[in-house]
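# Coordinate inspection notes
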Amino acid sequence: MFEITLSFDNGPEPGVTPGVLDTLAKAEIGATFFVLGRKIAEPAHTLLMERAADEGHWIGNHTYTHQTPLGLSADPKVAEAEVGRTQALIGSLSHPDRLFRPFGDGGLIGPHLMNRTVAEYLKHHGFTCVLWNEVPRDWEDPEGWAATALEACRQRTWSLLVLHDLPTGAMLHLERFINDVRVAGGRFRQDYPPDCMPILRGQEVLPLTNYVTE
Ligand SMILES: [Zn+2]
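Here goes a summary of the coordinates provided.

Under the counting rule described, the total for this entry stands at 15 salt bridges. We note a salt bridge from Glu-175 to Lys-26, for which the minimum N-O separation is 2.6 Å. One end of the pair, Glu-175, is in helix α7 (residues 174–183); the other, Lys-26, is in helix α1 (residues 17–27), with 149 residues separating them in the sequence. According to the relative accessible area criterion, Lys-26 is exposed, its value standing at 64%. Between Glu-120 and Arg-116 there is a salt bridge whose closest N-O contact spans 3.6 Å. One end of the pair, Glu-120, and the other, Arg-116, are both in helix α5 (residues 116–124), four residues apart, so they sit about a helical turn from each other. Among the charged side chains, a network of salt bridges with common partners joins Arg-116, Glu-120, Lys-123, Glu-204 and Glu-214.

Given below as structure tokens:
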């Protein structure tokens, strides 16, 4: 038996997110949408975030611009500009644990994810930092990611999978992926593996040295 938590980053997108929501509803799977502030600042995108929350999905913060990994930013106000501004737009749709996922730039985990100022900001404001352990690079391989992801997830007890509700064509294969996982004996859940959350509701629960530029 293996378990998978689904997360969808960098949306919402009018041409893609509705189809993802339809697929998840049909499959009765709850997921997390890590949204971009610059997208949900637009009304058409706000509506999609609201629909996702209405349907039981969790809404997380994935920075405002998604341009520079926060650990590489020289701007002393980057935490407020990227995290605070997005959280204000998410507003009451936020999960109570205030979920934040840093921009990995290609799905990479390392000290580029945040700087010390950002880490302190997350702790001070009670955020939960949600990383990941499986990135099948759906943006590079819109056809093949599902097979890659299934193979990887079968090797791990509990995978936190990063997908993207972006117009790459990759999400056309989401339903098939879900079916293949279930045929292979896998199950879906909405919460996260503890080793993917170095900050939990403002508390540093795992050493941050691997994720913070000093
Ligand atoms: Zn991203």
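A rise of 1.5 Å per residue sets the reference length of helix α3 (residues 43–54), with its twelve residues, at 16 Å; its end C-alpha atoms lie 16 Å apart and thus fit the reference within 8%. When we look at burial in α3, the residues that qualify are His-45, Leu-48, Met-49 and Ala-52. Mapping the buried residues of α3 onto a view down its axis gives an arc of 100°, with all of them on the same face. Across from the buried face of α3, at angles greater than 90 degrees, the exposed residues are Pro-43, Leu-47 and Asp-54. After α3 finishes, the residue Gly-56 shows a positive phi value of roughly 95°.

With that settled, the discussion passes to the coordination of the zinc ion. Distances from the zinc ion to its protein donors, Asn-10 (OD1), His-62 (NE2) and His-66 (NE2), fall at 2.0 to 2.3 Å. As a motif over one chain, the donors of the zinc ion read N-x51-H-x3-H. Of this pair, Asn-10 sits in the loop between β1 (2–9) and α1 while His-66 sits in the loop between β3 (58–61) and α4 (78–90), and the two are 56 residues apart along the sequence. The pair formed by Asn-10 and His-66 is uniform in burial state, with each residue classed as buried.

About the cut-offs
- Residues numbered from 1 in each chain as written.
- Predicted model: local features only at pLDDT ≥ 70, side-chain atom pairs only at ≥ 80, totals over all residues.
- Heavy atoms only, no water.
- Salt bridge = Lys/Arg side-chain N within 4 Å of Asp/Glu carboxyl O.
- Helix = DSSP H or I, 4+ residues; strand = E, 2+ residues; numbered from the N terminus.
- Buried < 20%, exposed > 50% of the residue type's maximum accessible area, 1.4 Å probe, protein only.
- Expected span 1.5 Å × (residues − 1).
- Arc of directions from axis to C-beta.
- Donors = N, O, S within 2.8 Å, 3.2 Å for Na, K, Ca; no water.

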